[in-house]
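Coordinate analysis (summary)
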Amino acid sequence: EVIERDSFRQGLTEVERAIRAFKPRAGDRFVSVLHDRLDGVSISELGERQGVAYDRASTLFNEMRSTARKARCCGQLAMAALRYIAEEPWSTWQDLQVDLEPVQAPVGASSQKAERDRLLRLAIAYLVREGKIDGKDGSFRVTPLGERWLQVMEASPDPMFVVY
């Protein structure tokens, strides 16, 4: 029970960070919506707490869920990109776009590629910013930090929100 509770808290913290990263100006509000729903607050009660109509409360909840899904997809793309770059040093952006296993972006079919490319750019930017990969002349390679991080994350069967 203690392990499950700690694991849940860690996962929740990762979700909160991901939401705040994807929605910097509305992140705190979305995290509040997340906690309210986890506490069993209905959409009507959520509307009262947020000071908005039922329809707006429902929209806030759905936007929060969508943001969490995008963060998960971005995390999966970051892991896939890191694995790919580890196997194919000095891979280019075009290599990543073409060769990475397709990760289902949480949007309609008509905008799948555009959303996947946007999330892949976010994932690559994160990996560079955190020092897990570096780039030169439009190509990427895994850094020693990235190699260690990949080993740690590979031990986890489903890294959910590794990006933030």
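Here is a short report on the structure shown in this document. What you are looking at is a predicted structure, and each value in this text was computed from that prediction instead of being measured.

Reading guide: rules and limits
Residues numbered from 1 in each chain as written. Predicted model: local features only at pLDDT ≥ 70, side-chain atom pairs only at ≥ 80, totals over all residues. Heavy atoms only, no water. Phe/Tyr/Trp six-rings, centres within 6.5 Å; stacked < 30°, edge-to-face > 60°. Lys NZ or Arg CZ within 6 Å of the ring centre and 35° of its normal. Axes fitted to C-alpha atoms, helices over the stretch in contact; angles between N-to-C directions. Helix = DSSP H or I, 4+ residues; strand = E, 2+ residues; numbered from the N terminus. Parallel < 35°, antiparallel > 145°, perpendicular 65-115°, else oblique. Contact = heavy atoms within 4.5 Å. Left-handed = near helix turned anticlockwise from the far one by under 90°. Nonpolar A, V, L, I, M, F, W, Y, C, P; charged D, E, K, R; others polar. Buried < 20%, exposed > 50% of the residue type's maximum accessible area, 1.4 Å probe, protein only. Pairing = 2+ DSSP bridges.

1. So, the packing of aromatic side chains
Pairs of aromatic rings are described using the distance from one ring centre to the other and the angle between the two planes. Counted according to the given criterion, the structure contains one aromatic pair. Lying over the aromatic face of F61, R37 brings its terminal NZ or CZ to 4.6 Å of the ring centre. K132 extends its terminal NZ or CZ atom over the ring of W149, reaching a point 4.8 Å from the ring centre.

2. Examining the packing of helix α3 (residues 43-50) against helix α4 (residues 54-87)
Running from amino to carboxyl end, α3 crosses α4 at an angle of 100 degrees, the nearest separation of the two axes being 8 Å. Taken together, the axes of α3 and α4 are roughly perpendicular relative to one another. Each of I43, S44, L46, G47 and Q50 in α3 lies in contact with α4, whose residues at this interface are Y54, A57, S58, L60 and F61.

3. Observations regarding the packing of helix α2 (residues 27-38) against α3
Two numbers describe how α2 lies on α3: the axes approach to 10 Å, and their chain directions differ by 140 degrees. In terms of their interaxial angle, α2 and α3 are classed as oblique. As α2 runs across α3, the sense of the crossing is right-handed. For the pair α2 and α3, the contacting residues are R29, S32, V33, D36 and R37 in the first and I43, L46, R49 and Q50 in the second. Class assignment for the residues of the contact of α2 with α3 results in three nonpolar, two polar and four charged.

4. A word on unusual backbone geometry
Positive phi, close to 65 degrees, is recorded for W90, a residue that is not glycine. Relative to the elements of secondary structure, W90 occurs in the loop between α4 and β1 (91-92). According to the relative accessible area criterion, W90 is partly exposed, its value standing at 39%.

5. Considering the sheet that holds β1
Picture the strands of a sheet paired through backbone hydrogen bonds; they go either parallel or antiparallel. As summarised here, the arrangement of the three strands in space is β1-β3-β2, forming an open sheet in which the pairing is antiparallel. Since the sheet does not close on itself, it has two edges, and those belong to β1 and β2 (133-136), each with one partner. Seen against the sheet, α4 touches β1, β2 and β3 (139-142) and runs at an angle of roughly 90 degrees to β3.

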